[in-house]
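Chain residues, written in single-letter form:
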Amino acid sequence: MEHRLFRRRSISISFRVYDAETGKFIGRIGDISKGGLLVYGPSRMLTGQLYRLRIDLPDDHGKARSVVLPAKAMWSGYDSNPEFCSTGFRLFELDRPENEAALKSMLSRFTVGFDDEDGEN
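Residues numbered from 1 in each chain as written. Predicted model: local features only at pLDDT ≥ 70, side-chain atom pairs only at ≥ 80, totals over all residues. Heavy atoms only, no water.

A.B. asks: In this structure, what is going on with the overall build of the protein? I would like to understand it.
C.D. replies: Along the protein, the regular secondary structure elements total 1 helix and 8 strands. Helices and strands in the protein line up, N terminus first, as β-β-β-β-β-β-β-α-β. Across the 121 residues in the protein, those meeting the buried criterion constitute 39%. Put simply, of all contacts in the protein between residues at least 6 apart along the chain, 52% involve residues at least 24 apart. Accessible area for the protein stands at about 7,500 Å²; split by element, carbon and sulfur atoms hold 50% of it. (Helix = DSSP H or I, 4+ residues; strand = E, 2+ residues; numbered from the N terminus. Buried < 20%, exposed > 50% of the residue type's maximum accessible area, 1.4 Å probe, protein only. Contact = heavy atoms within 4.5 Å. Areas by Shrake-Rupley, 256 points an atom, 1.4 Å probe, with all protein chains shown as cover.)

Rendered as structure tokens:
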């Protein structure tokens with residue numbers, strides 16, 4: 001049985017994800033949790049590799065902004081659709097206010113589910 005710290009939540013908008021260092025398109029967010037992301041993209045990512053993921057999303061007023069979240073590729077492989085690869089990223093530095101705020105914004109504004117599903121009160 002698979003054990004997760006946080007429940008995965010479906011995301012309502014398929015945000016594009018880039019490598020912040022190279023600008024290379026990595027893929028689109030498939031789901032998100034309080035600790036990580038599932039990203040579907042054109043190629044496999046190096047597992048164990050640390051990345052700085054840039055995600056472009058609208059702020060509260062609809063203006064585009066980018067957030068950069070440090071993440072580690074925990075696993076990566078071909079999806080059931082062989083044209084895509086899926087990669088599970090664990091997010092880091094969530095104690096930094098800007099990273100915590102970005103993740104909370106994505107979870108509250110763009111996902112399906114409730115905060116109490118993760119066992120927090």
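A.B. asks: Where do I start with the packing of aromatic side chains in this structure?
C.D. replies: Geometry of an aromatic ring pair is reported as the spacing of the ring centres plus the angle between the planes. Under the criterion given, the structure shown has 2 aromatic pairs. Where Tyr18 meets Phe25, the ring centres are 5.8 Å apart and the plane angle is 65°; that geometry is what we call edge-to-face. The interplanar angle of 90° and the centroid separation of 5.8 Å between the aromatic rings of Tyr51 and Phe89 together place this pair among those described as edge-to-face. Remark: Phe89 occurs in strand β7 (residues 85–91) and Tyr51 occurs in strand β5 (residues 50–58); sequence separation between them is 38 residues. (Phe/Tyr/Trp six-rings, centres within 6.5 Å; stacked < 30°, edge-to-face > 60°.)

A.B. asks: When you look at the nonpolar core in this model, what are you seeing that I'm missing?
C.D. replies: Note that soluble globular proteins tend to have their nonpolar side chains buried in a common cluster. Residues Leu37, Leu53, Ile55, Phe89 and Met106 are the most contacted members of the largest nonpolar core, which totals 23 residues. Counting only elements with at least two residues in this core, the list comes to β3 (25–32), β4 (36–41), β5, β6 (64–78), β7 and α1 (97–110). Residue contributions to this core peak at 5 residues, all from α1. (Core = buried A, V, L, I, M, F, W, Y, C linked by side-chain atoms within 4.5 Å.)

A.B. asks: Hey, could you run me through the environment of Thr87 in this one?
C.D. replies: Locating Thr87 in the fold gives a position in strand β7. Its relative accessible area of 2% is what places Thr87 among the buried residues. Taking the C-alpha atoms as reference, Thr87 lies 5.3 Å from Val39; in sequence the two are 48 residues apart. Residues in contact with Thr87, not counting those within four places in the same chain, are Leu37, Leu38, Val39, Met45, Ala73, Trp75 and Ser76.

A.B. asks: It is not clear to me how the pairing of β6 should be interpreted in this structure. Could you clarify?
C.D. replies: Remember that side chains alternate between the two faces of the sheet whenever the strand is regular. Relative to β6, β5 runs antiparallel, the two sharing 9 bridges. Within β6, the residue paired with Ile55 across the bridge is Val67. Counted between consecutive antiparallel strands, the loop separating β5 from β6 contains 5 residues, among which Gly62 sits at a positive phi close to 85°. Strand direction decides the pairing type here: β6 and β7, joined by 7 bridges, are antiparallel. Looking at β7, one finds that Trp75 is bridged to Gly88. Where β6 hands over to β7, the hairpin turn is made up of 6 residues, counted between the paired strands. (Pairing = 2+ DSSP bridges.)

A.B. asks: Please explain the pattern of salt bridges as it appears in this structure.
C.D. replies: Two side chains that carry opposite charge are able to pair once their charged atoms sit near each other. All told, the structure shown has 5 salt bridges when counted by the stated rule. The partner of Arg54 in a salt bridge is Asp56, and the shortest N-O contact between them spans 3.2 Å. On the basis of relative accessibility, which here comes to 28%, the residue Asp56 falls in the partly exposed class. Put simply, Lys104 and Glu100 hold a salt bridge, and the shortest N to O gap is 3.3 Å. Highlighted residues: Lys104 and Glu100, both in helix α1, separated by 4 residues, approximately one helical turn. Its relative accessible area of 52% is what places Lys104 among the exposed residues. Here Glu100 falls in the partly exposed class, since its relative accessible area comes to 34%. (Salt bridge = Lys/Arg side-chain N within 4 Å of Asp/Glu carboxyl O.)

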